[in-house]
There are 2 protein chains.
Amino acid sequence: MKDVNTRVLPGFMELLPKDQIEFNKIKQIIAEEYQKFGFTPIDTPVIERSEILLAKAGGETEKQIYRFNKGDNDLSLRFDLTVPLARYVADHYNDLTFPFKRSHIGKVYRGESPQRGRFREFYQCDIDVIGHNDLSINYDAEIPAVIYSIFSRLNFGKFTIKLNNRKILAGLMNSLGLGGQSKDVLRIIDKSSKISQSEITEEFKKLDLNNDQIKLLADFTAISGRASVAIEALKNMAIADDEFVAGVNDLKLVTDLMRSMGIDEDYYAIDLSIARGLDYYTGTIYETTLDQYPELGSICGGGRYDDLASYYTDEKLPGVGISIGLTRLFYQLNEAGLIKTGEGIVADVLVMPLGQDQVVKSFEIAQNIRESGINTDILLDDIQMKKRFKYADKKGFKYVVIVGENEIISGECVIQNMESGDKENIAIDKIAEYLKNKLN
Amino acid sequence: MKDVNTRVLPGFMELLPKDQIEFNKIKQIIAEEYQKFGFTPIDTPVIERSEILLAKAGGETEKQIYRFNKGDNDLSLRFDLTVPLARYVADHYNDLTFPFKRSHIGKVYRGESPQRGRFREFYQCDIDVIGHNDLSINYDAEIPAVIYSIFSRLNFGKFTIKLNNRKILAGLMNSLGLGGQSKDVLRIIDKSSKISQSEITEEFKKLDLNNDQIKLLADFTAISGRASVAIEALKNMAIADDEFVAGVNDLKLVTDLMRSMGIDEDYYAIDLSIARGLDYYTGTIYETTLDQYPELGSICGGGRYDDLASYYTDEKLPGVGISIGLTRLFYQLNEAGLIKTGEGIVADVLVMPLGQDQVVKSFEIAQNIRESGINTDILLDDIQMKKRFKYADKKGFKYVVIVGENEIISGECVIQNMESGDKENIAIDKIAEYLKNKLN
């Protein structure tokens, strides 16, 4: 071997073809579902001016940014798709129609410490609805309808879309007189589903919360489950704070709409322990988990925010959106055995000329099959029979059309079903039709 | 406005939604055609170790590389998809099945001086067939079959796939005793279609070529057109050099196969003036031009090479492939008026509830339409009628389904054809069917 390190960089995902095909299928389904609901795809540069990214970043994110100079420019690789969206909307404001429903599937970069399941380059698949000045809360119900549609189709088993509302959390803090400590309290609430009740109590005590406050927070975070039941329980808490009440009403409106849209009630729930780390959410928040794989954590999260682009424009741009971290999700699904690796093929059919004299006829046969809508490969190397079938086996074709001298004379080809080993003789002009029937 | 520059960086393409949709359509067609012929998609990181990229780069390319340090790593953004392919094949050699047919559509980076139609971030859409030790020349005929399929479907008017063979050029140099000057001579041949015959002669004279040599080169570059005619003319030159003869035979075999595959002979031609700048081509070379837009230059080029990954592995990996520079192509097509901008829509249908009381019913109607396979948007903001229709107009929906109080009572909605302005009353449970018929 040459003295060059050809391994992919640590923290970067690079898939073998069969896995890549499965990855692309998932990406394609997400893209199609986004379009089904009328979200317009956009594409922005991976490289941005550093000042754009740094206006929003901070703390850990800022340290992780890939930043460099080229000529006189201070440049960085985007670390999410939200900041580019904010810049895009601020810049193209006059050319966009609001509400602006956009989807964006692209790679983002974070120089994290490499660890299992964490990636430095990963795909995000985002949708957002951006309003100008106002945006109806109805859109907060459309977002989970998209999530429902995607994960139903992806078929990774039962999932739950968990909803909460930041106003409820903020209102609760106010009513407890904890406004100033709300960040610390939210941090504890956010992990309450992962640690025990006594640990939570300990954490709250560290913040000097009194027993009444802790009792109320414990009652609060214990509320979860079916929307109608949970909302009733929230109302029964009889917290008089305006923001709390507004949050409960929003949550009721959103979940009522979801129900009337025919989203199966088993597939969404109120979960008051979800807070979402990012500061900028102000209303509805979402997380989605796979019931059988809680260890995967949230596979799709997002929420409502008051102002997308305050760093870049004075226009008020409220919005609601979600993001799917596809690279991490794929890695986790693969680890959990939910990706049927090895089944990925691009072409179902291989046409195999047995010698150079059959190449012309084979090209013709392959083209006929393609024209009937079937992706078709053709093996053009003149190699041993054993090697030919090794190619067919390893690549996983479903059918192989064998084109030999006798086949051309007789006008019939042998078609081998690679799974069963069965062979059939089919007239050359019927091959496309035969395969189409078999593959449907 | 805030004091932040939100404009996209110079040399980077960022499209408005309607253009983006057209861009994506072209990208999707290219991806589908690549798969139709059995090319497996791969995806590699945008960031590579600098040593990987620099092993291959050099001269202008090296200066253009985006290179930076992160932690202890000397990193660079890839400048093409060929070097990552070479690294991928070298690294995953044991897990791949040869011939390895891969497609790759992704962004690459070159810090060129910004000028019209030149981009610093651009999509390349590549296919290559990589053999192990050997690769049949039949694959050299499959590649133009893919080009033909793509550009026929893209419908940008008549195009010509121009073919040449490096062996012919090299053999000619040998027979003229110009082996040592072949680079300079090829450079002149490469631009012979762009400058006059007398200018070419001048250039050759500068290289101290004698009149006989210049005459022969002039006769040679004048040969072009239909494959059968051009190959006859090449044979009539009676150049005894082995490499020349081998190149003519290769070109004959490839074009004979293309003809027998049913590729329209008007769509390909021999052009002995194409040489392709890159040193590593060793056999068949391709360029593709749009007949009505010669000023666009080659929109798809590539060729055959002896060894893909000699920098990274001792395995011999011959291959043949092409690349479409999609970002530049889109820019040029747009400038030439070949992109029907403004027609791009993601959803054909908009469902428009006239008030909050009609939102639930509208969600249900929209979902029914989606389930019949039609992408459908829904306008959920409670705004003035004028603004609602402005949204429908500007986004370019074909049909708007109006859901008002009366519509729900009567069980019939007004569906407006946005182009003609015609309105029809359709029973709610027939809307999906109605739209499906109209849109097919």
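Quick notes on the rules
Residues numbered from 1 in each chain as written. Chains lettered and ligands numbered in written order. Predicted model: local features only at pLDDT ≥ 70, side-chain atom pairs only at ≥ 80, totals over all residues. pLDDT = per-residue confidence, 0-100. Helix = DSSP H or I, 4+ residues; strand = E, 2+ residues; numbered from the N terminus. Expected span 1.5 Å × (residues − 1). Buried ≥ 20, exposed ≤ 12 C-beta atoms within 10 Å, placed from the backbone. Pairing = 2+ DSSP bridges. Axes fitted to C-alpha atoms, helices over the stretch in contact; angles between N-to-C directions. Parallel < 35°, antiparallel > 145°, perpendicular 65-115°, else oblique. Left-handed = near helix turned anticlockwise from the far one by under 90°. Contact = placed C-beta atoms within 7 Å. Nonpolar A, V, L, I, M, F, W, Y, C, P; charged D, E, K, R; others polar. Domains from an automatic or database assignment.

A. Representation of the confidence of the model for chain A within the structure. The predicted model of chain A has a mean per-residue pLDDT of 92, with 98% of residues at 70 or higher. Model confidence for the complex: the whole-complex pTM is 0.95, and ipTM, which rates the interface, is 0.94.

B. View of helix 11 (residues 242-260) of chain A. Residue and element names in this part refer to chain A. Over its 19 residues, helix 11 extends 27 Å from the first C-alpha to the last, a length consistent with the 27 Å expected when each residue adds 1.5 Å. Restricting attention to buried positions, one finds in helix 11 the residues Phe-244, Gly-247, Val-248, Asp-250, Leu-251, Val-254, Thr-255, Leu-257 and Met-258. Backbone geometry just downstream of helix 11 places Gly-262 in the positive-phi region, at approximately 85°.

C. Fine view of the sheet that holds strand 4 (residues 73-77) of chain B. Residues and elements named next belong to chain B. Taken in spatial order, the three strands of this open sheet run 2-4-3, and their pairing is antiparallel. Every interior strand has two partners, whereas the edge strands, strand 2 (47-49) and strand 3 (67-70), have only one. Between one strand axis and the next, the sheet turns by 40° as a mean value, whatever way the strands run. Where strand 3 meets strand 4, four bridges bridge the pair, whose relative direction is antiparallel. The partner of Arg-67 across the bridge, within strand 4, is Ser-76.

D. Inspection of the packing of helix 5 (residues 138-154) of chain B against helix 11 (residues 242-260) of chain B at higher detail. Residues and elements named next belong to chain B. Contact geometry of helix 5 with helix 11 gives a least axis separation of 8 Å together with a crossing angle of 50°. By the angle between their directions, the pair helix 5 and helix 11 is classed as oblique. Here the hand of the crossing between helix 5 and helix 11 comes out right-handed. Contact with helix 5, carried on its side by Asn-138, Asp-140, Ala-141, Pro-144 and Ala-145, involves Val-254, Leu-257 and Met-258 of helix 11 and no other residues of that element. Residue composition of the contact of helix 5 with helix 11, by class: six nonpolar, one polar and one charged.

E. Highlighting the sheet that holds strand 4 (residues 73-77) of chain A. Residue and element names in this part refer to chain A. Spatial ordering of the open sheet is given by 2-4-3, a layout of three strands whose pairing is antiparallel. Single-partner strands in this sheet number two, and they are strand 2 (47-49) and strand 3 (67-70). Neighbour to neighbour, the strand axes of the sheet diverge by 40° on average, direction disregarded.

F. Local environment of the domain arrangement of chain A. Taken domain by domain, chain A consists of domain 1 (17-335) and domain 2 (349-439). Look at where the C-alpha atoms of domain 1 of chain A and domain 2 of chain A centre, and you get two points 49 Å apart.

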